[in-house]
Amino acid sequence: MTESFPRLHARTRRFTLGVPRNFTISPDGGRVTFLRTRSGTDPVTCLWELDVASGTERLVVDPLALGAADEDLPPEERARRERSRESAGGVVAYATDREVRQAVFALSGDLYLAGLASGEVRRLPAAGPVIDPRLDPTGTRVAYVTGGALHVLEIATGADTGADTVIAAPEGDTVTYGLAEFIAAEEMERMRGYWWSPSGDRLLVARVDESPVPLWHIADPANPDRQPVPQRYPAAGTANAEVTLHVIGLDGARTAVPFDQEYLVTAVWDAHGLAIVTLSRDQRTMRLLSADPDTGETTLLREDTDPAWVDIVTGVPARLSDGTLVWVADADGGRRLVVGDEPVTPPSLQVRAVLDVDGDTVLFQASGEPTEIHLWTYTAGTISAVTTEPGVHSGRRAGGVTLVARQSLDTEGTTVSVVRAEGSVSVKSLAERPGLEPRVSLVRAGSRELSTAILLPSWHVPGSGPLPVLMDPYGGPHAQRVLSARRMFLESQWWAEQGFAVIVADGRGTPGRGPAFEREMLHDFTISLEDQVDALQGVAALHPGDLDLSRVAIRGWSFGGYLAALAVLRRPDVFHAAVAGAPVTDWRLYDTCYTERYLGHPDEGHYERSSLLGDAEKGDTEKGDAEKLERPLLLIHGLADDNVVAAHTLRLSSALLAAGRPHTVLPLSGVTHMTPQEVVAENLLLLQLDFLKKSLHITG
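Residues numbered from 1 in each chain as written. Predicted model: local features only at pLDDT ≥ 70, side-chain atom pairs only at ≥ 80, totals over all residues. Heavy atoms only, no water.

To continue, consider the layout of surface pockets. Each pocket or cavity is described by its volume, and for the second largest pocket that value is around 1,800 Å³. P75, E76, R78, A79 and D642 are, among the 50 residues lining the second largest pocket, the residues nearest its centre. Those elements giving two or more residues to the lining of the second largest pocket turn out to be helix 2 (75–83), strand 14 (175–177), helix 3 (182–187), strand 17 (215–218) and strand 18 (229–232). For the lining of the second largest pocket, the element with the most residues is helix 2, which contributes eight residues. In the lining of the second largest pocket, the residues fall into 22 nonpolar, twelve polar and 16 charged. (1 Å grid on protein atoms, 1.4 Å probe; cavity = no way out; pocket = protein on both sides within 12 Å on 5 of 7 lines; lining within 4 Å. Points joined across faces, edges and corners; volume = space filled by probe spheres on them. Helix = DSSP H or I, 4+ residues; strand = E, 2+ residues; numbered from the N terminus. Nonpolar A, V, L, I, M, F, W, Y, C, P; charged D, E, K, R; others polar.)

Here we come to the nonpolar core. Within the largest apolar cluster, 90 residues are counted, with the highest numbers of intra-cluster contacts made by W327, L337, F364, F525, F575 and W587. Element by element, the count of residues in this core is highest for helix 7 (residues 559–570), at nine residues. Listed in part, the 31 residues of the second largest apolar core include I636, L684, F691 and L692. (Core = buried A, V, L, I, M, F, W, Y, C linked by side-chain atoms within 4.5 Å. Buried < 20%, exposed > 50% of the residue type's maximum accessible area, 1.4 Å probe, protein only.)

Attention now goes to the packing of helix 4 (residues 490–497) against helix 12 (residues 678–695). Running from N to C, helix 4 and helix 12 cross one another at 40°; their axes reach a closest spacing of 12 Å. Judged by the inter-axis angle, helix 4 sits oblique to helix 12. Judged by the twist between their axes, the crossing of helix 4 over helix 12 is right-handed. Two secondary-structure elements touch here, helix 4 through E491, W494 and W495 and helix 12 through L685, L686, Q688, L689 and L692. When grouped by side-chain class, the residues that make up the contact of helix 4 with helix 12 number six nonpolar, one polar and one charged. (Axes fitted to C-alpha atoms, helices over the stretch in contact; angles between N-to-C directions. Parallel < 35°, antiparallel > 145°, perpendicular 65-115°, else oblique. Left-handed = near helix turned anticlockwise from the far one by under 90°. Contact = heavy atoms within 4.5 Å.)

Within the element layout of this structure, G605 appears in the loop between helix 8 (592–599) and helix 9 (613–617). Remark: the alpha-carbon pair of G605 and H523, spanning 82 residues in sequence, is separated by 9.0 Å.

With that out of the way, let us pick up unusual backbone geometry. Residue P317 is reached from V316 by a cis peptide bond, and omega for that bond is 10°. By secondary structure assignment, the location of P317 is in the loop between strand 24 (298–305) and strand 25 (318–319). A positive phi angle is found at A380, which is not glycine, with a value near 50°. If you trace the backbone, A380 turns up in the loop between strand 31 (374–379) and strand 32 (382–385). Overall, A380 belongs to the exposed group, its relative accessible area being 72%. Phi at S558 is positive, roughly 65°, even though this residue is not glycine.

This next bit is on the packing of helix 6 (residues 527–542) against helix 7. Think of two packed helices as two axes; the pair is described by the angle between the axes and how far apart they sit. Viewed as axis vectors pointing N to C, helix 6 and helix 7 meet at an angle of 75°, and their least axial separation amounts to 10 Å. When the axes of helix 6 and helix 7 are compared, the pair comes out roughly perpendicular. Along its contact with helix 6, which presents S528, L529 and Q532, the element helix 7 presents F559, L563, L566, A567 and R570.

With the rule as written, the count across this model stands at 23 aromatic pairs. Between Y562 and W587 the ring centres are 5.2 Å apart and the planes differ by 75°, which places this aromatic pair in the edge-to-face class. Placement of Y562 in helix 7 and of W587 in the loop between strand 42 (577–581) and helix 8 is noted, with a sequence separation of 25 residues between them. Comparing Y562 with W587 shows no difference in burial state: the two are buried. (Phe/Tyr/Trp six-rings, centres within 6.5 Å; stacked < 30°, edge-to-face > 60°.)

Here the focus is the sheet that holds strand 31. Ordered by their spatial adjacency, four strands build an open sheet running 29-30-31-32, and the pairing between neighbours is antiparallel. The two strands at the open ends of the sheet, each matched to only one other strand, are strand 29 (350–358) and strand 32. Ignoring strand direction, the axes of neighbouring strands in this sheet form an average angle of 30°. (Pairing = 2+ DSSP bridges.)

The next point concerns the pairing of strand 1 (residues 21–25). When strand 1 meets strand 2 (residues 31–37), the two strands line up antiparallel, connected through three bridges. Its bridge partner being in strand 2, I25 is matched across the sheet by V32. Between strand 1 and strand 2, which pair antiparallel one after the other, the connecting turn spans five residues, and G29 there sits at a positive phi close to 75°.

The terminal C-alpha atoms of helix 7, which comprises twelve residues, lie 16 Å apart, in line with the 16 Å expected from a rise of 1.5 Å per residue. Judged by how many residues are buried, helix 7 sits mostly within the fold: twelve of twelve residues are covered. Burial in helix 7 covers these residues: F559, G560, G561, Y562, L563, A564, A565, L566, A567, V568, L569 and R570. (Expected span 1.5 Å × (residues − 1).)

Averaged over every residue, the pLDDT of the protein is 94; residues scoring 70 or more account for 97%. Low pLDDT (under 50) marks residues 620–629, which in the prediction has 16 contacts with non-local residues, meaning those over four places away or in another chain. (pLDDT = per-residue confidence, 0-100.)

Spatial strand order, 25-26-27-28: four strands in an open sheet with antiparallel pairing. For this open sheet the edge positions go to strand 25 and strand 28 (342–343), each flanked by a neighbour on one side alone. Bridge count between strand 25 and strand 26 (residues 325–331): two bridges; the pairing is antiparallel. What sits directly across from R319, in strand 26, is L325.

Locating T387 in the fold gives a position in the loop between strand 32 and strand 33 (392–398). A polar atom in the side chain of T387 sits 2.9 Å from the side chain of H374. Here the side chain of T387 touches L375 through a polar contact of 3.0 Å, landing on its backbone nitrogen. Residues contacting T387, with those up to four places away along its chain left out, are H374, L375, H393 and V404. (Polar contact = N/O pair within 3.5 Å; in protein donor to acceptor, adjacent residues only side chain to side chain.)

What follows covers the pairing of strand 30 (residues 361–367). Among the seven residues that make up strand 30, seven are buried, leaving the element largely enclosed by the rest of the structure. Covered by surrounding structure in strand 30 are T361, L363, Q365 and S367 together with V362, F364 and A366, the residues of both alternating faces. Here seven bridges tie strand 29 to strand 30, and the two strands are oriented antiparallel to one another. Within strand 30, the residue paired with D356 across the bridge is L363. In this antiparallel pair of consecutive strands, strand 29 and strand 30, the connection spans two residues, and G359 shows a positive phi of 70°. As defined by bridge partners, strand 30 adjoins strand 31 across six bridges and the pair is classed as antiparallel. Directly across from L363, in strand 31, lies its bridge partner T377. Hairpin connection, strand 30 to strand 31: the antiparallel pair is bridged by six residues.

If you want it as structure tokens, here you go:
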């Protein structure tokens, strides 16, 4: 390896470049379309196609050949990529027609159409910078958003130019048609705001009015000549955007599709009709509604309730070939696949997502062991395991062909196989090799038997002497760090090679162990700190003599940053230094959907215990102010972060300063929540290492 790990880690976008993704299987199972960069260090994503019978890959779209070396993205597209955590460039999204014969995509704001059979790629005329283009199922029209308006462009042949019609235009500066609002994209995994009818003669369109949402400003202090960027941010307890639905014809005629609840979760329009899923503001009631596209009248098909919250599960609703509903719901202590009205999976198998329905076969992800995610099928009353080897699996299915993407602890990177009756072929991964091999032990640690990963230096001999400890969690709800996949631990192993015993623990609130385990976080985020202490003590018991509990540090980003700061403020008896990246410090400053799901409305009184500002201002009567003041804390924040805004760190720093409490702040000019810039990402690791070594008095 000619480059240091931090540099390679940054250049490869955490080793995600070169990995095939975003797969689409043709209805006959003969072809697979996918995205992949041309190498593990190339940030420009290309569109490819695999011929399943021969195993031959073909490059369909190379953005550089189209003259798009330097992307010029409209602000709406930059926001979409930030919400989806997209760190690469080029063709990062595409949409096909029903037969997967054509694909459309946006590149530097321009609209392109690719013939997947012919290989012809042509630029289509558009009225402005293009956002989220989508072909109608018949492949004769493409819809796209520009300037907040939804357009439909007729696809002409040859040199002819098709008609471009505005079917919905915004009535004001705060209104858009066809785009997902901030909350939908950031918290509900809905990245779209319109859906074609099966016949391509009309669309279901979301109208978003952000005028009720508080107006914030994201400033650029490093460039005082620049105006702050205005942003509508729905902070906890404040108003959300007003979202309404309309069926709109190609002539602009519209029919309202009313719904009563606060959130539009998703919509599906297929051969069995139009259906929408909505969620109440308190997220305790979810409704599945069918809608008549001619009248807009809705009918309640299903209502799910929970005294804590109802989880959003991707891939549902779906339908079998005869129209039978496919759903996921909590029942008898498990998250279960429901076909019709009956749960068809056991409570011990936690369903993660429905990936595809191929005729009467449902492909879904589920976990028995929480550190593993497997593929299963349901067909004619029987569930069958598609994958059995340990690891984390995702996939697609169409035309009787199943695509399986696997990560594991015993293999490097991601392997992708396309499986059919005649055998299987592979989709190549071009990802870089990281140059280090995680030495991971997965255990159940502590009194709660938490899923925990332990990583020791490759040169360490067990029992040869205690190592300083680095807790490296995320720790928040609905996200896992401890999974049977090497890529999850590459950065943690690098930290181990610097001389730390690294512990990664998933506490209560994380998925894969059932609804009750997730809901223990209701109204109290601080239990995540209790779980980190529990895991630390559990690992120390498993590795006597290997952990120096007098030198324990913790680092994290986003919720992990909150957890790291919480650790040194509330448990200085356990944690001796912390690096808190982009931490949420005052939950009133975070968004409605995420925060209210777990803590409720601010007026209910559950925010103070989980926020950090009070810890900065007052001492701990049990531990004493002096002890709390001794724990070094490094706060890192991107000043361009529009998700966890920099005000979180600045307010905590101000409160710490007012209380006379020493701490360090590292502001990152022009950096968002993702920190995609290579130099920034590389040096962040090195600066954190330097800070923790000095704080824990580590030499050598």
